[in-house]
Amino acid sequence: MELIGNRLSQPANIPAPRLEVQHLTRRFGGRAVVDDVSLTIEPGQVTCLLGQSGCGKSTTLRIIAGVDMQDEGKIFVDGKLICDTLYRVPPEGRSIGLMFQDFALFPHLSVADNVGFGLKGARGDKRARVGELLERVAMSRYIDMYPHELSGGEQQRVALARALAPKPRIMLMDEPFSGLDERLRDGIRDETLSLLKEAGAAVLLVTHEPHEAMRMADQIALMRGGRIVQMGAPYNLYNAPVDRAAAGFFSDVNVIGGRVQGALTDTPFGAFLTPGLPDGTQVDIIFRPQHLKIDFDRNGRGPNPTPQDGTPARGVVERARFLGRESLVEFRMDFDGRVLKASVPNVFLPRPGTPLWLTVRRDRCFVFPAQG
Ligand SMILES: Nc1ncnc2c1ncn2[C@@H]1O[C@H](COP(=O)(O)OP(=O)(O)OP(=O)(O)O)[C@@H](O)[C@H]1O
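Note that this is a predicted model, so its numbers are computed, not measured.

## Observations concerning the overall build of the chain
Okay, so step 1: For the chain, the count of helices and strands is eight helices and 20 strands.
Okay, so step 2: Along the first, second and third principal axes, the C-alpha set of the chain runs to 80 × 50 × 45 Å.
Okay, so step 3: For the chain, the residues scored as buried account for 34% of the 372 residues in total.
Okay, so step 4: Taking the intrachain contacts of the chain between residues at least 6 apart in sequence as the baseline, contacts between residues at least 24 apart amount to 63%.

## What to know about the sheet that holds strand β7 (residues 170-174)
Okay, so step 1: The six strands are arranged β6-β7-β8-β3-β9-β10 in an open sheet whose pairing can be described as mixed. Each edge of the open sheet carries a strand with a single partner, namely β6 (96-99) and β10 (227-232). Sheet twist, expressed as the average angle between the axes of neighbouring strands with direction ignored, equals 15°.
Okay, so step 2: Contacting β6 and β7, helix α4 (residues 152-164) crosses the sheet at an angle of about 175° to β6.

## Considerations on the pairing of strand β3 (residues 46-50)
Every other side chain in a regular strand lies on the same face of the sheet, so the side chains alternate between the two faces.
Okay, so step 1: Buried residues dominate β3, accounting for five of its five residues.
Okay, so step 2: Examined bridge by bridge, β3 and strand β8 (residues 202-207) share five bridges and lie parallel to one another. Paired with L50 across the strands is T207, a residue of β8.
Okay, so step 3: Across four bridges, β3 lies against strand β9 (residues 219-224) in parallel orientation. Residue pairing for β9: C48 is matched across the bridge by I220.

## Re the site of the ligand
Okay, so step 1: Neighbouring residues of the ligand: F28, V33, G51, S53, G54, C55, G56, K57, S58, T59 and H208.
Okay, so step 2: The leading source of residues in the shell around the ligand is helix α1 (residues 57-65), at three residues.

## Focus: the environment of S38
Okay, so step 1: Looking at where S38 falls in the secondary structure, it is placed in strand β2 (residues 31-41).
Okay, so step 2: Accessibility expressed as a C-beta count within 10 Å gives 14 for S38, which makes it partly exposed.
Okay, so step 3: Considered as a pair, S38 and M99 are 61 residues apart in the sequence and their alpha carbons are 22 Å apart.
Okay, so step 4: Ignoring any residue separated from it by four or fewer positions in sequence, one finds S38 in contact with V21, Q22 and H23.

Criteria and thresholds
Residues numbered from 1 in each chain as written. Predicted model: local features only at pLDDT ≥ 70, side-chain atom pairs only at ≥ 80, totals over all residues. Helix = DSSP H or I, 4+ residues; strand = E, 2+ residues; numbered from the N terminus. Buried ≥ 20, exposed ≤ 12 C-beta atoms within 10 Å, placed from the backbone. Contact = placed C-beta atoms within 7 Å. Pairing = 2+ DSSP bridges. Axes fitted to C-alpha atoms, helices over the stretch in contact; angles between N-to-C directions. Near = placed C-beta within 6 Å.

Treat this as a map of the structure, not an account of what it does.
Encoded structure:
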């Protein structure tokens, strides 16, 4: 029997997404920990579910994998219903590969046999595929060893190879690289994802690490309180966040406040355009540390105001730290004593107590109605 669910009808010449999730909801004790989640992933695309601990990422993944069951919603693979609240293809029938945090290798099987476990076909072909995968995860020389002879990170790399071996059409990964040390992580992560992309798999990857998501994802689904609050390319989430919390998820942010008057909001950095908001609305103007410009003090004066950078405001250096590629300088602002953070490429470590002038790149600011 082939069950076709009621996907919105798709024109015949456009293939259905590899994975489609519609209105998934999961409640525990009356609380929706996954709340109306919908997303689609195309073949060869990596989507990251990104959010803080407890926001519902892993539960979403477990439902798609078939090891937990939704209260509402549907899941489709290549346009075919695999699960709703009445019908359910078992996990092993979903063409889905899993790589979860609590992976477990078979302790009585060698590395080669662990990786080759789910593979069908001639012995020689299997051995070749196992060899290729172990090379990709830099584990070739451990091929005849047993799991108890490997470190945690090495076991994780074998588990990755095992998950990749059957060339799954969909790969669900829950923080799969978290146990690897930094030196190995970048290489194995990039290699694994390019392997999956080459094979045309749709990848849904859970992480709470914004930089990891930015580096890996074609599409990021930002989750909060069980809901997807914003979905799009990393560039869009970084440069057009939906709210203050979304902006703050990807880097430190600076916030100044003001009240709208005639589509403008006056601040110590000059007037900001705040169109579309009624007079009297209290707003937060948000900018990232790299969008503050620093200028020297010229006998108590800063640089001249410009249309792009607005009016300079004076601050006194509180702390300056070198972070490798950049320096982070914290200023106590004269206008109301708040601290603003500026990041500067390379080494810039002014002494605490030094007065400097700051301007804000106004084209890089985000304006949102103030919270609460
Ligand atoms: N079986 C369960 N029974 C009750 N509550 C649950 C169950 N599974 C998950 N939860 C709750 O659902 C919420 C979401 O959990 P989930 O593991 O999906 O979050 P997460 O975003 O993956 O977090 P983390 O990044 O810490 O793994 C949490 O508050 C968790 O306590």
